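Topology and contacts: notes
For reference, the chains in residue letters:
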Amino acid sequence: MTGGAVRILGVRVDDVTTAETLDLFRRYIAAGRPHQVVTVNPEFVMAARRDAAFARVLEAADLALPDGQGLLWAARVQGRALRERVCGSDIVPAAAALAAREGFRLFLLGAAPGVAERAAAVLTADNPSLQVVGTYAGSPSMEEEDTIVAMVRAAAPDLLFVAYGAPRQDLWIHRNLERLGVPVCMGVGGSLDFVAGVAVRAPRWARRWGLEWLHRLVQEPWRWRRMLSLPHYAGLVLRARYLPNVR
Ligand code: UDP
């Protein structure tokens, strides 16, 4: 079904393609039990090294998508292969199309007020039979948690996309997974912003060349501090491969 898993600096990444991911979503929904999907990229890997709770959530996820050229590169350095980059921002529209075809119900949670509604309108325009059964900005704070979980449960979606940014969205899903009872729960970061058109994705050539991070940095310069982890990541991957005994 999938190509197995690769470990990048201790973090599990599943070797799945986009087609296999959508097929797994279909199976999760058929099975009915809640599943957590995470979109691992190099920033996730570095965050997991500092944050044990986040590392445990990634480890416990049912599916860890290879969401970053930096992961495909790291796998190659190890002499392993990840066949394809599968990123959240591609999966959101693809899963919406799948949901429209199969009659699956979708709930969009998070992002700034109004963004989930705009994303829902765009996805429904592209897929007229799509059932978006709920949208809500809210926040990942504890005070709102019970209300939001009750709202999602009442809407009974098959797919729940949560846009509170990593790691908060993934911790939120992990904490609430069982009581949410939604077969596919995925943290989607800035994907709703892209779908709604409030943020613009890097051009295709930049994504192919592994430069999406540079495009985001130009658009959202406040990310520079987080992105300092990227050269550190590259150094650690190379050191693990070529100097495994050096501490
Ligand atoms: N976000 C939110 N509430 C919060 C923090 C973030 O709704 O308390 C939303 C934000 O509006 C954006 C999304 O989370 O739509 C993703 O944020 P970011 O781009 O920082 O996440 P990344 O893609 O880097 O994981």
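Up top is the structure these notes are about.
Quick caveat, the model's predicted, so the values are computed rather than measured.

This brings us to the pattern of salt bridges. If you walk through the whole model with that rule in mind, you get 16 salt bridges. The closest approach of N and O atoms between aspartate 67 and arginine 85, which form a salt bridge, is 3.4 Å. Remark: arginine 85 occurs in the loop between helix H4 (69-77) and helix H5 (88-102) and aspartate 67 occurs in the loop between strand S4 (63-66) and H4; sequence separation between them is 18 residues. Overlapping salt bridges, with partners in common, bring together Asp67, Arg85, Asp90, Arg201 and Glu212 in one network.

Of note, valine 200 is situated in the loop between helix H9 (191-196) and helix H10 (204-208). C-alpha separation for the pair valine 200 and serine 89, spaced 111 residues apart in sequence, amounts to 11 Å. What valine 200 contacts, discounting residues up to four positions off in sequence, is Phe194, His215 and Gln219.

With that settled, the discussion passes to the nonpolar core. With 36 residues, the main nonpolar core has Phe25, Leu108, Leu159, Phe161, Met186 and Leu192 as its most contacted residues. Every element with two or more residues in this core is listed here: helix H1 (18-31), S4, H5, strand S5 (105-110), helix H6 (115-126), strand S7 (159-163), strand S8 (184-187) and H9. With seven residues, H5 is the single largest residue contributor to this core. With residues up to four places along the chain from it excluded, the contact list for leucine 108 reads Ala116, Ala119, Ala120, Leu123, Gly134, Thr135, Tyr136, Phe161 and Leu192.

Around the ligand sit 15 residues in total, of which Ala111, Ala163, Asp193, Arg223 and Arg226 are the nearest. A distance of 2.9 Å is found between an oxygen atom of the ligand and a backbone nitrogen or oxygen belonging to alanine 111. Residue aspartate 193 places a side-chain N or O atom 2.8 Å away from an oxygen atom belonging to the ligand. Here the ligand loses 74% of its free accessible area of 550 Å² to cover by the protein chains. Residues belonging to the shell around the ligand are distributed by class as follows: six nonpolar, four polar and five charged.

Criteria and cut-off values
- All residue numbers here refer to positions counted from 1 along the written sequence of the relevant chain.
- A pLDDT threshold of at least 70 governs which residues receive local features in this predicted model, and a stricter bar of 80 or more applies before side-chain atom pairs are shown or counted, although totals over entire chains, interfaces and linings include all residues.
- Neither water nor hydrogens contribute to the side-chain values; these are computed over all heavy atoms in the structure.
- Counted as salt bridges are all cases of a side-chain nitrogen of Lys or Arg within 4 Å of a carboxyl oxygen of Asp or Glu.
- Put simply, DSSP H or I for four residues or longer makes a helix, DSSP E for two residues or longer makes a strand, and each gets a number counted from the N terminus.
- Whether two residues touch is decided by their heavy atoms; if any such pair falls within 4.5 Å, the residues are in contact.
- As used here, the term nonpolar core means buried Ala, Val, Leu, Ile, Met, Phe, Trp, Tyr and Cys residues forming a set that is joined through side-chain atoms within 4.5 Å.
- Throughout this description, buried means an accessible area under 20% of the type-specific maximum (1.4 Å probe, protein chains only), exposed means over 50%, and partly exposed covers the range between.
- By convention in these notes, a residue is near a molecule or strand provided one of its non-hydrogen atoms lies within 4 Å of it.
- A 3.5 Å cut-off defines polar contacts: any pair of N or O atoms within that distance qualifies, except that in protein one atom must be a possible hydrogen donor and the other a possible acceptor, and neighbouring residues in sequence count only when both atoms are side-chain atoms.
- For the accessible areas, the method is Shrake-Rupley and the probe is 1.4 Å, while residue cover comes only from the protein chains on display.
- Polar here means any residue other than Ala, Val, Leu, Ile, Met, Phe, Trp, Tyr, Cys and Pro, which are nonpolar, and Asp, Glu, Lys and Arg, which are charged; Gly is therefore polar.

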